[in-house]
Amino acid sequence: LIYVYGFLAAPAGVPELSGLDDAPVEPLELAGLTVAVSRLEGGAPEATEDGVLCHARVVEELTQTADAVLPARFGLVFPDEVGLRRAVDEHAGELRRGLERVRGCVELGLRVLMPETDGRPAVTADGGEYLRSRLRETTERDRLARDVDDVLVGLARDHVRSSPPSGEVLLTAAYLLPEGSVEQFRRALRKLEWSHPQLDLICTGPWPPYSFAASPTPTLAEAR
Amino acid sequence: MTRDLPLEQRVTLIELVDRVLNKGVVLSGDITLSVAGVDLVYVGLRVLLASVSTLEQQALERAGVH
């Protein structure tokens, strides 16, 4: 089996690394791209914590030496090189566009949390008043999420909201930033923390641009 | 605001696993995953996610005490 970690703009070297099952990570030149792969003896890898972390580590290492890397999703395997070549040929244009989009960029993740307010009327109170109160609350939460998102989107090359708000989470988003803009982004976040003390802004990264890799099929979560 | 390291690490782990399993390139449905494995990872994730805000609150309370 050929296991794919990611796609790089060719020509790109691949550092000496051991990947899944301790197999070496190798570059394959296909359709004008460099594909970072391992040849696995056993079957498809299982999504264990070790496997996921190993995949993440290899992708991270690839981004240290190349300035454009599109990470593959965990579990991308092909029976042989012919199968891989066919798939890469078919998607070469899309992959190249994706690489240009993320070149020189990193991804920052953000979760905006707001602890539940206490002053919510009980359901047994006047039903109309209860509904109006919930509506005001929802509108206010949307406004707060937009406040934060608008500022950060202005600094990013691209952005994506990854799931609808639920419970205490007002916003889950990822921002694609040129590496030189990360400090500016963090300064903007600190300002937002000051101006919106009722919110918790949890920022993670920089990540390889997983959220901005071209993805023609629905995610696992969406398929559920 | 200084947050407890364990919380940061937990959030980082959630974000990492979410990216590796849900984001990233797939080519015409060639993803083959052990479904059981994924479900296990997801059960773990849900538990972690549910505890993020609780942990956050506890971290704040501890920060207040000291």
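Residues numbered from 1 in each chain as written. Chains lettered and ligands numbered in written order. Predicted model: local features only at pLDDT ≥ 70, side-chain atom pairs only at ≥ 80, totals over all residues. Heavy atoms only, no water.

1. Side note on the overall build of chain A
And then number 1: In terms of regular secondary structure, chain A is built from five helices and nine strands.
And then number 2: N-terminal to C-terminal, the α/β element order of chain A is β-β-β-α-β-β-α-β-α-β-β-α-β-α.
And then number 3: The long-range fraction of contacts in chain A, counting pairs at least 24 apart against all pairs at least 6 apart in sequence, stands at 73%.
And then number 4: Averaged over its 24 positive side-chain charges, chain A has a centre that lies 7 Å from the centre of its 36 negative ones. (Helix = DSSP H or I, 4+ residues; strand = E, 2+ residues; numbered from the N terminus. Contact = heavy atoms within 4.5 Å. Lys, Arg positive; Asp, Glu negative; His and termini not counted. Charge placed at Lys NZ, Arg CZ, Asp CG, Glu CD.)

2. Observations regarding helix α4 (residues 182-195) of chain A
Residues and elements named next belong to chain A.
And then number 1: Here α4 spans 20 Å end to end across 14 residues, near enough to the 20 Å set by a 1.5 Å rise per residue.
And then number 2: Listed as buried for α4 are Val182, Phe185, Ala188, Leu189 and Leu192. For α4, the buried positions fall inside an angular range of 120° around the axis, keeping them on one side. Opposite the buried face of α4, by more than 90 degrees, sit the exposed residues Lys191 and Trp194.
And then number 3: Summarising the contacts, the buried residues of α4 are in contact with β6 (105-113), α3 (127-153), β8 (169-178) and β9 (200-207). (Expected span 1.5 Å × (residues − 1). Buried < 20%, exposed > 50% of the residue type's maximum accessible area, 1.4 Å probe, protein only. Arc of directions from axis to C-beta.)

3. What about helix α1 (residues 49-65) of chain A?
And then number 1: Between its terminal C-alpha atoms α1(A) stretches 25 Å, which fits the 24 Å expected from 17 residues at 1.5 Å a residue.
And then number 2: Buried residues of α1(A): A:Gly51, A:Val52, A:Cys54, A:His55, A:Ala56, A:Val58, A:Val59 and A:Leu62, and no others.

Shape is all these values report; function is a separate question.
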